[in-house]
Each structure stands twice: as C-alpha cells, then as structure tokens.
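The lines below spell out each chain.
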Amino acid sequence: MKRILVIGGGSAGVMFSNRMRNEFSPDEVEITVIERNTMHVYQPAFTLVVFDLDDPKNLLRPMKDLFFDGIKLVHDQAVKIDAPNNKVITAKSGELTYDYLVVATGAKLFFEEPEGLKEGIEKGTNVQTFYQLDGAIKLRDTLKEIDGGTIVMSVCEMPIKCPAAPMKFIMMAEDTMRQRGKRDKFKFIFTTPMPAVFSREPYASKLVNIFGSRGIDTVANFAPSMVDYDKGVIKDYGGKEVKFDLLCITPPHGGEAVIEESEGVGDAAGWVSCDKNLMVSKKYNNVFGIGDATDFPTSKTASGIRKQAKVLVSRLKADIKGETSTERYDGEIICPILTKYKRVMFAHFNYEESISPAIESYGNWVLKVHMLRPLYWNLMLNGLI
Ligand SMILES: Cc1cc2nc3c(=O)[nH]c(=O)nc-3n(C[C@H](O)[C@H](O)[C@H](O)COP(=O)(O)OP(=O)(O)OC[C@H]3O[C@@H](n4cnc5c(N)ncnc54)[C@H](O)[C@@H]3O)c2cc1C
C-alpha cells in the first residue's frame, strides 16, 4: 500500500486526486488531501462575475463534495514539509507521513506592497481587485454605477494567475461603456511591469491592434511602488505617475508560507522548484509540484493544470507499478481572452510554440462563458477530460 499525501484542494489538488483514484482502489493506494478551506472556488469565472456574465453562487462548491469516495480529506493547515523524513507537519492534526507528496498549494496574493494598496482596497472605493470573489462582486457593482472618468488596470508584478485576466478586464470594461453609449466619458489605461501587453505572438500583435483601435492606452515597464488612493494616483519605481478615478489592481503573487518554511522545497519567492517537464522536485524525488504553486515557466491556469494532472498521474502510476512513464508536461495552456461582448480569442501555447491562431470568435465566447464552468465541475475535476 502506497501513501500519497496532497497539500491543497484547489483545481490542482482535486484534478490530481480524482484522476489518481480512477487508477487505483483505496486498498492499493491511500490518498489523503490536506486543505484548510471548506469551500472550493472556481476562479476562472471571476472575470465573468465582474461583467455580470455569471452568478457568484455558481462558483462555489463544498470541498467535501468534490473528492471521490476513498479519498481522505483532512481539514487543516499544512505548516511545514519535512521532506528528508517524508512527513508534513500540520496545525491541528500532528504529523502526516507519505511515500509521495504532491504540493498543490496555489498562489498567494500579497497586499502589503505597493505602499497604500492594502489601505486602498480596504477603503473599497476607488481601488479594487477582481482577483478575489468578493472583490469581483464589488467591482461588478461599481461598474454599474460609474458614470465617467479614468479606469486604470494595473498589474504589479509577474508571475500572476491567468496573465490575460487583466487584459480581459480592460477590454470588456471599454466595451461595456461603449454598449452603454458612454464611451466618450471614459479613459482606459493598462499598466504592466512587462515591456509589452502580452509576450506571445501572434496574440501580442493582435492585442496591440485591439488596444490601439479602441483607444486603450498602455503604460509598459510600469512597476508600481505606491498607490495614493486619496489623490487617485499610482506611481512606479522610476517616478512615472498614472492618474485614476477607478484603479483595478492585480496584486503581487507568491508561494504559500508552508513552502518558505520547508527547506529545499521552494525558491526565494516561495514557488515549488520542480523539473518543468517531469514535475518532480529538484531536490526530493518523491515530492511533486502541480498548479499555481510551481515555478513552471508557463501561465498559471486551470487549463494547464488539467494537462499537468494527466502527466503526474501517469508518472506516479508507473512508479508505483515499477514501470517507466514517458509522459512529460510540455507547458501547454489555453487562455480564453474576452476581447469584447460575444468575442473571445484563445491564446493556446506550450513552452516552445504557439498552437492556435489569434482569432476572435463567437464560438469561443459560447465555450468560455456558457460551457467551461459546467465542464469544470462535471468533467475536469473528475478527471474525465
Ligand atoms: C481573475 C482570474 C481569472 C482566471 N482565469 C482563468 C481562465 O480563464 N482559465 C484558466 O484556465 N485559469 C484561469 N485562472 C487561473 C486558475 O483559476 C488557477 O490557475 C487555478 O485555480 C489554480 O489552482 P491551484 O489548485 O493550483 O491553486 P488554488 O486553486 O489556489 O488552490 C490551492 C489550495 O491550496 C490550499 N492551501 C494552500 N496552502 C495550504 C496549506 N498550507 N495548508 C492547507 N491548504 C492549503 C488553499 O486553501 C487552496 O484551496 C484565473 C484566475 C484568476 C484569479
């Protein structure tokens, strides 16, 4: 009997665990998941909530309902991984030992920097974020009331979850005001710490064209150092300033505290250090990373996790059976970018190359807005697609 311990019951923890359970009975492999939250949140629809395209209640399900029978769910916080001794120290349940450890702790949002961000968000008027569900709901309500001014979408630093989400927001906000006949009352600005709006061709050129043709300004190489919510100004380290009436911000991301507490598991930012193809820890051969928690050099998306779960299950299955797996994660992700109402462009690429053309289509809209969430709850989390 092999024991697999998983930390995290987000997209990665559930997709991996259920897929693994599809391969082995509880008598053959014991799967235990440590998860501190009782509810699972479907984050890819946060951008839909902002534009009233989905109901927040559709995004939440109890954790316990998502795992297949025979998977043990421990409601607790993992405090430290003692990898040399194959155990995880928890806040309430003592030490849990394992043969294989799968770290699926996701990404943490940091609001302490830039200066003034936390206070601005807490004030909750002209500084907001849709990277959390309550923030997405608040922003939805604000957009319904706002009658004019400068809306700024600012990304603090990379990497972030779904790097296209901030672009989706600014393009959809612009189109929303156009639909309402109020476009000329607004200015739209997108700031990014990167040299350009998007890094991958052909999507990058397409997005530059869309921004240009619709009057969305870009301020590149803008790494925010300070948010002055009283004056409505965001400043960067180089002294540049951008004025706003409404600032939507993607806060800095990093790994969870448990990674920093665990010697040899993560890098300086708290991401789990893994081989980008084999998904195994660079230091411990029975520790694996999956999902947003990892340092894989690709976008942090649920679509990527779906691919990663298949690879990791195949590799662990082979290892348990004393066989060899040739499966490798090639960095593949698919990111649906809402460019305006009824139009979505898929950015589909892997570590090496872009896979799909840069085309906006209504069919992609139907898939993203109406089909992906049901597919996620019913098929993806169950490891069926
Ligand atoms: C605004 C936004 C838009 C997005 N859009 C898309 C999209 O269109 N398409 C797409 O594919 N992806 C999208 N994503 C990204 C996608 O949601 C994430 O990649 C995915 O949810 C990450 O799953 P995960 O399991 O790695 O992390 P998470 O879902 O964050 O789960 C991590 C889990 O680990 C638990 N945990 C962490 N530390 C501990 C600990 N120490 N002890 C116990 N439990 C712990 C947490 O409670 C959490 O439940 C978007 C994300 C956002 C925020």
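Being a predicted model, the structure only gives us computed values, none of them experimental.

What to know about the sheet that holds strand 23 (residues 360-361)
Right, so step 1: An order of 21-22-23 is seen for the 3 strands of this open sheet, with the pairing classed as antiparallel. Strands at the two margins of the open sheet, each flanked by one partner only, are strand 21 (333-340) and strand 23.
Right, so step 2: Pairing geometry for strand 21 and strand 22 (residues 343-349), over 7 bridges, is antiparallel. Bridging from a neighbouring strand, P336 pairs with F346 of strand 22.
Right, so step 3: Relative to the sheet, helix 6 (residues 203-213) contacts strand 21, strand 22 and strand 23, its axis offset from that of strand 22 by approximately 155°.

Some remarks on the layout of surface pockets
Right, so step 1: The calculated volume of the second largest pocket comes to roughly 450 Å³.
Right, so step 2: What lines the second largest pocket is a set of 28 residues, among which M158, P163, M194, S199 and S299 lie closest to the centre.
Right, so step 3: Of the residues in the lining of the second largest pocket, the class split is 18 nonpolar, 7 polar and 3 charged.
Right, so step 4: The two domains that each donate at least three residues to the lining of the second largest pocket are domain 1 (2-107 + 255-331) and domain 2 (116-252).

Let's talk about the packing of helix 5 (residues 165-179) against helix 6
Right, so step 1: In the contact formed by helix 5 and helix 6, the axes pass within 11 Å of each other and the chain directions differ by 30°. Relative to helix 6, helix 5 is oriented roughly parallel. For helix 5 against helix 6, the interelement crossing comes out left-handed. For the pair helix 5 and helix 6, contact is made by M167, I170 and M171 and by L207, I210 and F211, respectively.
Right, so step 2: Here the residues of the contact of helix 5 with helix 6 sort into 6 nonpolar, no polar and no charged.

Side note on the environment of E119
Right, so step 1: Inspection of the secondary structure assignment puts E119 in helix 3 (residues 117-123).
Right, so step 2: Separated by 109 residues in sequence, E119 and D228 place their C-alpha atoms 9.5 Å apart.

Here we look at the site of the ligand
Right, so step 1: Around the ligand sit 36 residues in total, of which A12, E35, A78, D292 and S303 are the nearest.
Right, so step 2: In this structure, an oxygen atom belonging to the ligand sits 2.9 Å away from a side-chain N or O atom of K168.
Right, so step 3: Between the ligand and the protein, one listed contact pairs an oxygen atom with a backbone N or O atom of K300 at 3.4 Å.
Right, so step 4: Against a free-state accessible area of 1000 Å², the protein chains account for coverage of 95% of the ligand.
Right, so step 5: Where the shell around the ligand is concerned, the elements lending two or more residues are helix 1 (11-23), strand 2 (29-35), helix 5 and helix 8 (302-320).
Right, so step 6: The biggest single contributor to the shell around the ligand is helix 8, with 3 residues.
Right, so step 7: For the shell around the ligand, a count of residues per class yields 15 nonpolar, 12 polar and 9 charged.
Right, so step 8: A domain-level breakdown of the shell around the ligand finds at least three residues from each of domain 1 (2-107 + 255-331) and domain 2 (116-252).

Points about the domain arrangement of the protein chain
Right, so step 1: You can read the domains of the protein chain as domain 1 (2-107 + 255-331) and domain 2 (116-252).
Right, so step 2: Its C-alpha centre places domain 1 at a distance of 31 Å from the equivalent point of domain 2.
Right, so step 3: With 18 residues of domain 1 at the interface, the matching set in domain 2 holds 21 residues.
Right, so step 4: Each partner contributes to the roughly 1500 Å² buried at the junction of domain 1 and domain 2, and carbon and sulfur atoms together form 73% of this total.
Right, so step 5: The three residues of domain 1 that bury the most area against domain 2 are F46, V50 and F51, which together make up 38% of that side's buried surface.

Structural notes on empty space enclosed by the protein
Right, so step 1: Considering all chains together, one arrives at 2 cavities of 30 Å³ or more under this definition.
Right, so step 2: In this structure, the largest cavity encloses a volume near 50 Å³.
Right, so step 3: When the residues that make up the lining of the largest cavity are grouped by side-chain class, the tally is 2 nonpolar, 6 polar and 2 charged.
Right, so step 4: For the second largest cavity, the calculated volume is near 30 Å³.
Right, so step 5: Taken together, Y42, L48, D54, K368, V369, H370, M371, L372 and R373 make up the full set of residues lining the second largest cavity.
Right, so step 6: Top contributing element to the lining of the second largest cavity by residue count: helix 9 (residues 362-380), with 6 residues.
Right, so step 7: Tallied by class, the residues present in the lining of the second largest cavity amount to 5 nonpolar, 1 polar and 3 charged.

As for the environment of V152
Right, so step 1: Assignment of secondary structure puts V152 in strand 12 (residues 149-155).
Right, so step 2: The buried category is assigned to V152, whose relative accessible area is 0%.
Right, so step 3: The sequence separation of V152 and I216 amounts to 64 residues, and the corresponding C-alpha distance is 9.8 Å.
Right, so step 4: Once you skip the residues sitting within four places of it in the chain, V152 turns out to touch I189, T191, V242, K243, F244, L246, L247 and C248.

Some details on the pairing of strand 1 (residues 2-7)
Right, so step 1: Here 6 bridges tie strand 1 to strand 2, and the two strands are oriented parallel to one another. Within strand 2, the residue paired with I7 across the bridge is I34.
Right, so step 2: The β-α-β motif built from strand 1, the intervening helix 1 and the parallel element strand 2 has right-handed crossover chirality.
Right, so step 3: With 4 bridges joining them, strand 1 and strand 9 (residues 100-103) adopt parallel strand pairing. Within the sheet, the bridge partner assigned to L5 lies in strand 9 and is L101.

With respect to the packing of aromatic side chains
Right, so step 1: One pass over the full model with this rule turns up 14 aromatic pairs.
Right, so step 2: Judged by centre distance (6.5 Å) and plane angle (45°), the rings of Y100 and F288 are tilted. With Y100 in strand 9 and F288 in strand 20 (residues 287-289), this pair connects stretches of sequence that are 188 residues apart.
Right, so step 3: By relative accessible area, which is 7% here, F288 ends up buried.
Right, so step 4: Ring geometry for F190 and F211: centres 5.7 Å apart, planes at 85°, overall edge-to-face. Here the residue F190 occupies a position in strand 13 (residues 186-191), and F211 occupies one in helix 6, the gap between them amounting to 21 residues. As far as the burial class goes, F190 and F211 line up, both buried.
Right, so step 5: Through a chain of ring-to-ring contacts, the aromatic side chains of F51, F130, Y131 and F169 assemble into a single cluster.
Right, so step 6: Directly above the aromatic system of W271 lies the positively charged group of K300, at a separation of 4.0 Å from the ring centroid.

Rules behind the numbers
Residues numbered from 1 in each chain as written. Predicted model: local features only at pLDDT ≥ 70, side-chain atom pairs only at ≥ 80, totals over all residues. Heavy atoms only, no water. Pairing = 2+ DSSP bridges. Helix = DSSP H or I, 4+ residues; strand = E, 2+ residues; numbered from the N terminus. Contact = heavy atoms within 4.5 Å. Axes fitted to C-alpha atoms, helices over the stretch in contact; angles between N-to-C directions. 1 Å grid on protein atoms, 1.4 Å probe; cavity = no way out; pocket = protein on both sides within 12 Å on 5 of 7 lines; lining within 4 Å. Points joined across faces, edges and corners; volume = space filled by probe spheres on them. Nonpolar A, V, L, I, M, F, W, Y, C, P; charged D, E, K, R; others polar. Domains from an automatic or database assignment. Parallel < 35°, antiparallel > 145°, perpendicular 65-115°, else oblique. Left-handed = near helix turned anticlockwise from the far one by under 90°. Near = heavy atom within 4 Å. Polar contact = N/O pair within 3.5 Å; in protein donor to acceptor, adjacent residues only side chain to side chain. Areas by Shrake-Rupley, 256 points an atom, 1.4 Å probe, with all protein chains shown as cover. Buried area = accessible area lost by both parts, 1.4 Å probe. Buried < 20%, exposed > 50% of the residue type's maximum accessible area, 1.4 Å probe, protein only. Right-handed = clockwise from strand over helix to strand, strands pointing away. Phe/Tyr/Trp six-rings, centres within 6.5 Å; stacked < 30°, edge-to-face > 60°. Lys NZ or Arg CZ within 6 Å of the ring centre and 35° of its normal.

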